[in-house]
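One letter stands for each residue in the lines below.
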Amino acid sequence: MDKPNYQNYRIEAENICVDYNGKVALYDANLSLKPGQICGLVGMNGAGKTTFFNSLTGFVNISKGKIRINGETLRSAQKDQTIAYVPQSEGIDSQFPVNVWDVVMMGRYGSMNVLRCPRESDIQAVKDAIARVDLMDFLSTPIGNLSGGQRKRTFLARAIAQRASILLLDEPFTGVDIRTEKLISELFIQFKNEGKTILLSTHDMIHVREFCDLVLLINKTVVAYGETSEVFTPENITSTFGGISPDVLFGPES
Amino acid sequence: MDLCLFSSINTFVTDPLTHEFMRKALFMSSLVAAVCGFLSSYLTLKGWALMGDAVSHSVMPGVVVAYALGLPFSLGAFIFGVGSVALIGFVKQKSRVKEDTVIGLVFTGFFALGIVLVSKIKSNIDLHSILFGSPLGISISDVKQTVLISLLVVILLSVFRKDLMLYCFDPRHAKTIGINVFFLHYLLLTCLSLAAVVGLQTVGIILVVAMLITPGATAYLLTDQFDNMTIISILSAIISSVIGIYCSFWFDLETGGSIVLAQTFIFLFAFLFAPRYGIFKFKKFFSNYK
């Protein structure tokens with residue numbers, strides 16, 4: 001149970017479809033990821049990236065298809081705290097009256113009793129997580145007073161405190177400072193070595209080449225999926241972005 | 001001179017307390033204010049002010065029907081409160097009309113139905129006391145009901161305090177870690193309906209929404225800590241009730257209106273002088289004071 005079976009897939013999504021009141025947001029999407037893999041999710045705005053995340057967290061119901069997490073149902077994965085979601089910066093109310101400690105502690109709620117009283121082990125997990133993202137000096141700082149990068153690290157710490165084996169990150173590099181970017185990149189390598197599975201969406205093609213083993217190009221459905229070196233070609237990127245050449249999008253060097 | 005001033009203040013405070021109805025009104029209003037104030041911090045953070053307005057108006061026909069059938073008015077109010085929210089959700093999903101329009105449409109419809117019912121059902125329902133509240137004339141059975149409902153709401157909110165906070169802050173994370181978001185959504189709606197029911201006795205249907213949003217908004221300007229926000233919200237609501245009732249007694253003012261006006265003044269004070277978020281930031285003063 002504790003030792004992950006490296007033969008098995010962490011995430012298996014088969015032909016999943018999501019529609020919002022009849023409007024199709026995603027159809028026939030497939031994805032399978034093993035422990036220790038980092039996968040980049042690339043697509044235009046409105047291509048279904050957030051919808052993909054939402055279906056993997058169970059925040060939206062899929063209308064067709066199947067999702068297995070570690071070979072089990074999504075429901076039991078939720079109960080086991082297997083999946084952590086790190087929202088994009090616009091996805092949260094930064095004026096909400098909570099501080100860094102409160103937010104990271106939220107990562108422990110799922111393993112606490114119904115009153116959510118932190119035990120010694122929860123407090124330790126939160127401390128460790130905050131130390132790993134280098135925010136020990138900001139424990140009681142309201143999230144509204146943090147910089148974009150610090151806030152991003154706070155939510156990353158929440159995922160660490162949760163001790164999830166699957167991390168879903170929506171635009172982890174958008175609006176962060178260089179220091180945070182470096183810290184997140186280093187953490188990704190550590191997570192990979194710990195056998196965690198990471199799915200991240202990004203607009204930055206350099207990041208994809210830098211540390212994504214796999215890449216999933218989507219435009220309402222999967223355009224291409226596979227090893228970054230094979231799939232991340234100008235032709236595939238062009239068709240993902242609706243016929244616009246990657247030169248125009250990212251410059252000739254990317 | 002000093003003694004004279006002291007005794008007049010003393011009279012000002014204690015005189016009303018010699019009346020049974022005033023003691024009851026003070027107790028009831030403070031209780032109701034505390035319940036609404038507690039809920040208020042969740043509603044303001046969730047952005048449910050309009051929803052609060054909708055639910056509180058929609059309970060009207062429920063109250064009238066319950067009176068006519070001899071049922072506890074809270075039951076009727078509760079059914080119509082939750083029903084209105086379900087109806088809003090349904091119409092929004094099945095039509096292209098925008099949400100705020102649907103909310104406005106549904107609650108005014110329910111409210112109008114309530115008014116029509118009052119005029120049709122010839123009974124001893126006092127429209128004025130439903131619309132504007134009557135904390136000075138609450139009956140014993142109403143007191144029992146209100147105390148029971150208030151306790152229920154306070155217990156529910158206390159037990160699910162942190163889950164509800166998480167639900168308001170980041171429902172996606174809540175769902176991801178296996179917390180039943182659907183349950184929390186309806187729990188908050190249920191508490192809202194129940195709070196509207198108890199609130200309408202003191203300030204009436206029209207103004208009960210103020211009890212549900214003003215204390216929370218005031219507290220939001222004064223703190224960056226959720227727990228403190230809840231405490232400040234409850235305290236400001238209770239203080240407003242006491243001020244409102246005293247003013248109503250001494251200056252012969254409408255009680256519900258006085259309570260809400262007191263809340264509005266406290267909000268205004270926070271809006272102007274809040275240490276961090278007020279117009280005139282008194283941060284320095286407060287940090288020295290600390």
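Residues numbered from 1 in each chain as written. Chains lettered and ligands numbered in written order. Predicted model: local features only at pLDDT ≥ 70, side-chain atom pairs only at ≥ 80, totals over all residues. Heavy atoms only, no water.

(A) Quick peek at the overall build of chain A. Scanning chain A from N- to C-terminus turns up ten helices and nine strands. Since a compact globule built from 254 residues should have a radius of gyration of about 18 Å, the 18 Å found for chain A is in line with a globular shape. With the C-alpha coordinates of chain A rotated into their principal frame, the extents come out at 50 × 40 × 40 Å. Among the 254 residues that make up chain A, the fraction classed as buried is 53%. Within chain A, residue pairs in contact and separated by at least 24 positions form 67% of the contacts whose partners lie at least 6 positions apart. Carbon and sulfur atoms make up 50% of the accessible area of chain A, which totals about 11,100 Å². Of the side-chain charges in chain A, 26 are positive and 29 negative, and the distance between the mean point of each set is 6 Å. (Helix = DSSP H or I, 4+ residues; strand = E, 2+ residues; numbered from the N terminus. Rg over C-alpha atoms; globule rule 2.2 N^0.38 Å. Buried < 20%, exposed > 50% of the residue type's maximum accessible area, 1.4 Å probe, protein only. Contact = heavy atoms within 4.5 Å. Areas by Shrake-Rupley, 256 points an atom, 1.4 Å probe, with all protein chains shown as cover. Lys, Arg positive; Asp, Glu negative; His and termini not counted. Charge placed at Lys NZ, Arg CZ, Asp CG, Glu CD.)

(B) Just the overall build of chain B, in detail. Summing up its helical and strand segments, chain B has 14 helices and zero strands in all. For chain B, the α and β elements follow one another from N to C terminus as α-α-α-α-α-α-α-α-α-α-α-α-α-α. Taking 2.2 N^0.38 as the reference for a compact globule, 290 residues should give roughly 19 Å; the C-alpha atoms of chain B span a radius of gyration of 20 Å, in line with that estimate. Along the longest, intermediate and shortest principal axes, the C-alpha atoms of chain B span 70 × 50 × 30 Å. For chain B, buried positions account for 48% of its 290 residues. For chain B, contacts bridging at least 24 residues in sequence account for 73% of all contacts bridging at least 6. A total of about 13,700 Å² of accessible surface is found on chain B, and carbon and sulfur atoms cover 71% of it. One finds the centroid of the 19 positive side-chain charges in chain B at a distance of 12 Å from the centroid of its 14 negative side-chain charges.

(C) Focus on the interface of chain A and chain B. Of the residues lining the interface, 37 residues belong to chain A; the matching set on chain B comes to 27 residues. For the chain A face of the interface with chain B, the top three residues by lost area are Phe59, Phe96 and Pro97 of chain A, together amounting to 23%. Taken together, the links from chain A to chain B amount to two salt bridges. For Asp170 of chain B, the salt bridge is made with Arg158 of chain A, and the minimal N-O distance between the two is 2.8 Å. (Buried area = accessible area lost by both parts, 1.4 Å probe. Salt bridge = Lys/Arg side-chain N within 4 Å of Asp/Glu carboxyl O.)

(D) Just the sheet that holds strand S2 (residues 23-33) of chain A, in detail. Residue and element names in this part refer to chain A. Read across the open sheet, the three strands follow the order S2-S1-S4; overall the sheet is antiparallel. Two strands lie at the open edges of the sheet, namely S2 and strand S4 (64-69), each paired on one side alone. Between one strand and the next, the sheet's axes are offset by a mean angle of 25°, whatever the strand orientation. Here strand S1 (residues 11-20) runs beside S4; their pairing, made up of five bridges, is antiparallel. For Glu12, the partnering residue across the bridge sits in S4 and is Arg68. (Pairing = 2+ DSSP bridges. Axes fitted to C-alpha atoms, helices over the stretch in contact; angles between N-to-C directions.)

(E) Spotlight on the domain arrangement of chain A. All names here are of chain A. When its domains are assigned, chain A resolves into domain 1 (6-82 + 165-254) and domain 2 (92-163). Computed over C-alpha atoms, the centres of domain 1 and domain 2 are 24 Å apart. Domain 1 puts 19 residues into the contact, and the matching count from domain 2 is 17 residues. The contact between domain 1 and domain 2 buries some 1,300 Å² in all, and 54% of this surface belongs to carbon and sulfur atoms. Where domain 1 touches domain 2, the interface holds two salt bridges. Across the pair Glu194 and Arg132 runs a salt bridge whose closest N-O atoms are separated by 2.9 Å. Here domain 1 and domain 2 share six residue pairs in polar contact (both at pLDDT 80 or more) between them. Put simply, the parts of the chain that give the side of domain 1 that touches domain 2 at least two residues each are strand S6 (166-170) and helix H6 (178-193). Among the elements that line the side of domain 1 that touches domain 2, the one with the most residues is H6, at seven residues. Each residue belonging to the side of domain 1 that touches domain 2 can be placed in one class, and the counts come to eight nonpolar, six polar and five charged. (Domains from an automatic or database assignment. Polar contact = N/O pair within 3.5 Å; in protein donor to acceptor, adjacent residues only side chain to side chain. Nonpolar A, V, L, I, M, F, W, Y, C, P; charged D, E, K, R; others polar.)

(F) Region of the structure containing the nonpolar core. Core analysis: the largest hydrophobic core is formed by 124 residues, its most contacted members being Tyr109 and Phe188 of chain A together with Leu39 and Tyr42 of chain B. Of the residues forming this core, the biggest block, 13 residues, is contributed by helix H10 (residues 181-202) of chain B. Split by domain, this core shows at least three residues from each of two domains, domain 1 (6-82 + 165-254) and domain 2 (92-163) of chain A. Setting aside anything within four residues of it in sequence, one finds Phe188 of chain A in contact with Ile38, Leu169, Pro172, Phe173, Ile198, Leu200 and Phe211 of chain A. Residues Leu33, Val60, Leu74 and Tyr85 of chain A belong to the second largest nonpolar core, which totals 26 residues. (Core = buried A, V, L, I, M, F, W, Y, C linked by side-chain atoms within 4.5 Å.)

(G) Broad picture of the pairing of strand S9 (residues 222-227) of chain A. Residue and element names in this part refer to chain A. Summarising the sheet, strand S8 (residues 214-218) and S9 pair through five bridges and their orientation is antiparallel. Residue pairing across strands places Val215 opposite Gly226, the latter belonging to S9. Between S8 and S9, which pair antiparallel one after the other, the connecting turn spans three residues, and Lys220 there sits at a positive phi close to 70°.

(H) Geometry of the sheet that holds S8 of chain A. Residues and elements named next belong to chain A. Strand order in the open sheet made by the six strands is S5-S6-S7-S3-S8-S9, with mixed pairing throughout. Since the sheet does not close on itself, it has two edges, and those belong to strand S5 (83-86) and S9, each with one partner. For this sheet, the mean angle separating the axes of adjacent strands, direction not counted, is 15°. On the sheet, helix H5 (residues 148-162) packs against S5 and S6 and is oriented at approximately 175° with respect to S5. Sheet strands in contact with H6 are strand S3 (38-42), S6 and strand S7 (197-201), and its direction is about 145° off that of S7.

(I) Spotlight on the confidence of the model for chain A. All names here are of chain A. Looking at chain A, pLDDT values average 89 and 93% of them are 70 or higher. Ranking the elements of chain A by mean pLDDT puts helix H10 (residues 246-250) last, at 54, and helix H3 (residues 100-106) first, at 97. In this model residues 1-6 is a low-confidence stretch, pLDDT under 50, and it forms five contacts with partners more than four residues away in sequence or in other chains. (pLDDT = per-residue confidence, 0-100.)

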